[in-house]
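Here are the chains, one letter per residue:
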Amino acid sequence: MAALGWLTPRRRSATARSVLAGEASAEAARKTAQALETEAGPPAEPEGTAARAAEEAEPAEPEFPVAGDDLAAAFFDLDNTVMQGAAIFHFGRGLYKREFFHRRELARFAWQQAWFRLAGVEDPEHMQDARDSALSIVKGHKVCELMSIGEEIYDEYMAERIWPGTRALAQAHLDAGQKVWLVTAAPVETATIIARRLGLTGALGTVAESVDGIYTGRLVGEPLHGPAKAEAVRALAAAEGLDLERCAAYSDSHNDIPMLSLVGHPYAINPDTKLRKHARAHDWRLRDYRTGRKAVKVGVPAAAGVGAIAGGAAAAIALHRRRK
């Protein structure tokens, strides 16, 4: 498979490939959102007994002041903003369980997830490696097959990792009659499943090329990351007739500053150091759901770093042995 282009911290402006990725993601998001609207029944609530228990255990989030405005929408980053950890890593774990790949690849996924949980930020090289691996794994498989598996993986690994606080913020926008979109570098199919399970409008995600319903192992443009996310939001807003000055966006990562800067109401959620500094300098609102006992769910002290990485590898080996 040809090497995929990537955006590094030194190259953050929009490129032709990021514009292509954003436009493709916006088109896919609108199609899937229309399909979701035709489904019968009320919007889904967060699933999983642990997710419900977490919501009951946490103090109620103060009412979020969202004015009813049909020219406004909300855009939420996924990894470490809506969900603890990275969706692509959880997806990889589920594929391993179904024997899509072998122990060596699982060890790499486990190490990457351990690093992500320790650092709490997205590293372009690590995220690119994970997506390259995922593309090679799904190449030749049917899109419908991966969608069905994705539903199962959500129940197994993702439902219990939704931040109740961020979910409440998204619900405030929904209750005000606004549309709410996930915006993530995860595959658009995975992101759409998560959005539907949370009762959101839809999702902007990385678009993997498919021909006749079969994945080719290539991307349309590049991963939806950094400036590509901003291009996707811009394209979707134009198609939906939204006023970005009246929209809100939420993220934990400084990589999403281009997206956050697009809207009139940017919010830093569980921010990394660079985003926290930028948010304070620009008077953006901040919320952090990692404090107190919830911090234990996200990561461990830096001094325990070696142990965490070793633990990730041990978990991978344990899972491998249980499958024998």
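What counts, and at which threshold
- Residues numbered from 1 in each chain as written.
- Predicted model: local features only at pLDDT ≥ 70, side-chain atom pairs only at ≥ 80, totals over all residues.
- Heavy atoms only, no water.
- Helix = DSSP H or I, 4+ residues; strand = E, 2+ residues; numbered from the N terminus.
- Buried < 20%, exposed > 50% of the residue type's maximum accessible area, 1.4 Å probe, protein only.
- Contact = heavy atoms within 4.5 Å.
- Salt bridge = Lys/Arg side-chain N within 4 Å of Asp/Glu carboxyl O.
- pLDDT = per-residue confidence, 0-100.
- Pairing = 2+ DSSP bridges.
- Right-handed = clockwise from strand over helix to strand, strands pointing away.
- Phe/Tyr/Trp six-rings, centres within 6.5 Å; stacked < 30°, edge-to-face > 60°.
- Axes fitted to C-alpha atoms, helices over the stretch in contact; angles between N-to-C directions.
- Parallel < 35°, antiparallel > 145°, perpendicular 65-115°, else oblique.
- Nonpolar A, V, L, I, M, F, W, Y, C, P; charged D, E, K, R; others polar.

(A) Broad picture of the side chain of Glu-189. Along the chain, Glu-189 falls in helix H8 (residues 188-197). We classify Glu-189 as buried; its relative accessible area is 16%. For Glu-189, the residues in contact, after removing those within four places along its chain, are Val-143, Met-147 and Tyr-215.

(B) Spotlight on the pattern of salt bridges. All chains considered together, the criterion is met by 14 salt bridges. A salt bridge links Glu-231 to Arg-234; the nearest nitrogen and oxygen atoms lie 3.6 Å apart. Separated by three residues within a single helix, Glu-231 and Arg-234 lie in helix H9 (residues 227-240), roughly one turn from each other. One salt bridge in this structure joins Asp-288 and Arg-276, with 2.9 Å as the shortest N-O distance. Of the two residues, Asp-288 sits in the loop between strand S8 (285-287) and helix H12 (295-298) while Arg-276 sits in helix H11 (residues 273-281), which places them twelve residues apart along the sequence. Under the relative-accessibility criterion, Asp-288 is labelled partly exposed at 25%. Linked by salt bridges that have partners in common, Lys-97, Arg-98, Glu-152 and Glu-156 make up one network.

(C) The arrangement of the confidence of the model for the chain in detail. Residue-level pLDDT values for the chain average 73, and 64% of them are 70 or greater. Low pLDDT (under 50) marks residues 1-12, which in the prediction has 31 contacts with non-local residues, meaning those over four places away or in another chain. Under a pLDDT of 50 for its full length, residues 40-64 has, in the predicted model, 39 contacts with residues more than four places off or in other chains.

(D) Seen up close, the pairing of strand S6 (residues 248-251). The two faces of S6 match: Ala-248 and Tyr-250 on one face and Ala-249 and Ser-251 on the other face are all buried. Strand direction decides the pairing type here: strand S1 (residues 73-77) and S6, joined by three bridges, are parallel. What sits directly across from Ala-74, in S6, is Ala-248. As paired elements, S6 and strand S7 (residues 265-269) share four bridges and run parallel to each other. Residue pairing across strands places Ser-251 opposite Ala-268, the latter belonging to S7. Read from S6 through helix H10 (residues 257-262) to S7, the crossover connection turns out right-handed.

(E) Structural detail: the packing of aromatic side chains. In this structure the tally under the stated criterion is two aromatic pairs. A ring pair is formed by Phe-76 and Tyr-250, whose centres lie 4.1 Å apart and whose planes are at 5°; its orientation type is stacked. Residue Phe-76 is found in strand S1, and its partner Tyr-250 is found in strand S6; the two are separated by 174 residues along the sequence. A relative accessible area of 1% means that Phe-76 is categorised as buried. When the centroid spacing of 4.8 Å and the interplanar angle of 10° are considered together, the rings of Tyr-250 and Tyr-267 count as stacked. Residue Tyr-250 is found in strand S6, and its partner Tyr-267 is found in strand S7; the two are separated by 17 residues along the sequence. Under the relative-accessibility criterion, Tyr-267 is labelled buried at 10%. Following the ring pairs from residue to residue traces out a cluster consisting of Phe-76, Tyr-250 and Tyr-267.

(F) Main features of the packing of helix H3 (residues 87-97) against helix H6 (residues 143-158). Remark: H3 packs on H6, axes separated minimally by 9 Å, with the N-to-C direction vectors making an angle of 105°. Of the possible angle classes, the one that applies to H3 and H6 is roughly perpendicular. Residue-level contacts link Ala-87, His-90, Phe-91, Arg-93, Gly-94, Leu-95 and Lys-97 of H3 to Leu-146, Ile-149, Gly-150, Ile-153, Glu-156, Tyr-157 and Met-158 of H6. For the contact of H3 with H6, the class distribution of residues is eight nonpolar, three polar and three charged.

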